[in-house]
Amino acid sequence: MSTGVRAGHVETALLVTDYRQRPRKRGVTLERAITEAVVAELGERGYAGVTFEGVATRAGTGKSALYRRWPDKVGMVADALSATLPDPESLSFPGTLRGDLIVYLEAIARGMLGPLGLGTRMLCGELSRHHEFAEMWEQRVVGPWTALLTDVIADAIARGEARQGALAQECVLAGPTFLCQRFTVSGVPMTGAEIESLVDNALIPMLAFRD
């Protein structure tokens, strides 16, 4: 008696059936699944190894759901990293130069924990080989955080805590660059105590108002 499925196709048929019986992800649930899949793929395979097919499979969705959102993986990876990092607008600053710098750097350090940290570490080693993504990385991920730190320092200047020259690019980028470089080399985010030491021994002496 025929079962309607040849033996050689039993496994394939079951896989198709199982896939179709899964609840379809929608809305926020789908967005979260895609973001997590992109970050995981990035951590395991590096930027060059991220594909729409791999992300769709890991997220439990179809490639069409990705193509409706992004024309290429450059935007997909940049948006995933942006969505996983803490929202700069959600940070609460105490209103002092030292306190604001600590809050800012601790937020970046928290973003380096877990799969995001692994993915970011893998990515940093590939930026020089993928110029189209390097540009997107600067615009979507680095840009908003640099702008926020610029505002933090500008506010300190207005309060008389920081000197006028503190808005020079090398001053603005010194803290986050050191923090990210440490993480890229060691794979371990700086602790709260290490961040405080960085602020007290390097950033404050560089930024603070001088008589």
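See the structure above.
This write-up is about the structure you can find in this document. Given the structure is predicted, the values throughout are model-derived calculations rather than measurements.

Concerning the overall build of the protein chain
Consideration 1: Assigned secondary structure in the protein chain consists of 10 helices and 0 strands.
Consideration 2: The order of helices and strands in the protein chain, counted from the N terminus, is α-α-α-α-α-α-α-α-α-α.
Consideration 3: With 211 residues in all, the protein chain has 39% of them scored as buried.
Consideration 4: The contacts of the protein chain with a sequence gap of at least 6 include a subset with a gap of at least 24, amounting to 69%.
Consideration 5: Surface accessibility of the protein chain: about 12000 Å² in total, with carbon and sulfur atoms responsible for 55%.

Some remarks on the side chain of D100
Consideration 1: By the element assignment, D100 lies in helix α6 (residues 97–111).
Consideration 2: For D100, the contacting residues outside a window of four places in its chain are F93, P94, G95, V152 and R159.

Overview of helix α9 (residues 169–186)
The α-helix winds at 3.6 residues per turn, so residues separated by three or four positions along the chain end up facing the same way.
Consideration 1: When the terminal C-alpha atoms of α9 are compared, their 25 Å separation across 18 residues agrees well with the 26 Å that a helix rising 1.5 Å per residue should span.
Consideration 2: Along α9, the largest kink reaches about 35 degrees and is centred on G175; proline P176 follows within four residues of it.
Consideration 3: Along α9, the positions that sit buried rather than exposed are C171, V172, G175, P176, L179 and F183.

Some words on the packing of aromatic side chains
Consideration 1: Under the defined criterion, the tally for this structure stands at 2 aromatic pairs.
Consideration 2: Where Y104 meets W145, the ring centres are 5.6 Å apart and the plane angle is 65 degrees; that geometry is what we call edge-to-face. A residue pair is termed long-range when its members are at least 10 positions apart, and Y104 in helix α6 and W145 in helix α8 (residues 131–159) qualify at 41 residues. A single burial state applies to Y104 and to W145, both of which are buried.
Consideration 3: The ring of Y47 carries K73 above its face, with NZ or CZ at 4.4 Å from the centroid.

Some points on the packing of α6 against α8
Two quantities define a packed helix pair, namely the angle between the helix axes and the distance between the axes.
Consideration 1: For the pair α6 and α8, interaxial distance at closest approach is 10 Å and the crossing angle is 170 degrees. The orientation of α6 relative to α8 falls into the category roughly antiparallel. Of the residues in α8, those touching α6 at L97, D100, L101, Y104, A107 and I108 are W145, T146, L148, L149, V152, A156 and R159.

Concerning α6
Consideration 1: Here α6 is 15 residues long and its end C-alpha atoms lie 22 Å apart, about the 21 Å a rise of 1.5 Å per residue gives.
Consideration 2: The element α6 is extensively covered by neighbouring structure, given that 11 of its 15 residues are classed as buried.
Consideration 3: Among all positions in α6, only L97, G99, D100, L101, I102, Y104, L105, A107, I108, A109 and G111 are buried.

Some details on empty space enclosed by the protein
Consideration 1: Here the structure, examined in full by the defined rule, presents 1 cavity of 30 Å³ or more.
Consideration 2: Roughly 50 Å³ of volume is contained in the largest cavity.
Consideration 3: Lining the largest cavity are L101, Y104, L105, L149, I153, C171, V172, G175, P176, L203 and L207.
Consideration 4: Element by element, the count of residues in the lining of the largest cavity is highest for α9, at 4 residues.
Consideration 5: When grouped by side-chain class, the residues that make up the lining of the largest cavity number 10 nonpolar, 1 polar and no charged.

Re the packing of helix α5 (residues 73–84) against α8
Consideration 1: Here α5 crosses α8 at 30 degrees, and the two axes come no closer than 10 Å. Crossing handedness for the pair α5 and α8: right-handed. On α8, the residues touching V74, G75, V77, A78, D79, L81 and S82 of α5 are E132, F133, M136, W137, R140 and V141.
Consideration 2: The residue makeup of the contact of α5 with α8, split by class, is 8 nonpolar, 2 polar and 3 charged.

Observations regarding the pattern of salt bridges
Consideration 1: Scanning all chains against the criterion turns up 9 salt bridges.
Consideration 2: R58 is the partner of E44 in a salt bridge, and the nearest nitrogen-oxygen pair spans 2.8 Å. Here the residue E44 occupies a position in helix α2 (residues 27–49), and R58 occupies one in helix α3 (residues 52–59), the gap between them amounting to 14 residues.
Consideration 3: Taking relative accessible area as the criterion, E44 reaches 52% and is therefore assigned exposed.
Consideration 4: When the shortest N-O distance is used, the salt bridge between E161 and R159 registers 2.8 Å.
Consideration 5: Each of E41, E44, R45 and R58 takes part in salt bridges that share partners, so that together they form one network.

Basis of the calculations
- Residues numbered from 1 in each chain as written.
- Predicted model: local features only at pLDDT ≥ 70, side-chain atom pairs only at ≥ 80, totals over all residues.
- Heavy atoms only, no water.
- Helix = DSSP H or I, 4+ residues; strand = E, 2+ residues; numbered from the N terminus.
- Buried < 20%, exposed > 50% of the residue type's maximum accessible area, 1.4 Å probe, protein only.
- Contact = heavy atoms within 4.5 Å.
- Areas by Shrake-Rupley, 256 points an atom, 1.4 Å probe, with all protein chains shown as cover.
- Expected span 1.5 Å × (residues − 1).
- Bend = angle between axes of the 7 residues up to and from the residue.
- Phe/Tyr/Trp six-rings, centres within 6.5 Å; stacked < 30°, edge-to-face > 60°.
- Lys NZ or Arg CZ within 6 Å of the ring centre and 35° of its normal.
- Axes fitted to C-alpha atoms, helices over the stretch in contact; angles between N-to-C directions.
- Parallel < 35°, antiparallel > 145°, perpendicular 65-115°, else oblique.
- 1 Å grid on protein atoms, 1.4 Å probe; cavity = no way out; pocket = protein on both sides within 12 Å on 5 of 7 lines; lining within 4 Å.
- Points joined across faces, edges and corners; volume = space filled by probe spheres on them.
- Nonpolar A, V, L, I, M, F, W, Y, C, P; charged D, E, K, R; others polar.
- Left-handed = near helix turned anticlockwise from the far one by under 90°.
- Salt bridge = Lys/Arg side-chain N within 4 Å of Asp/Glu carboxyl O.

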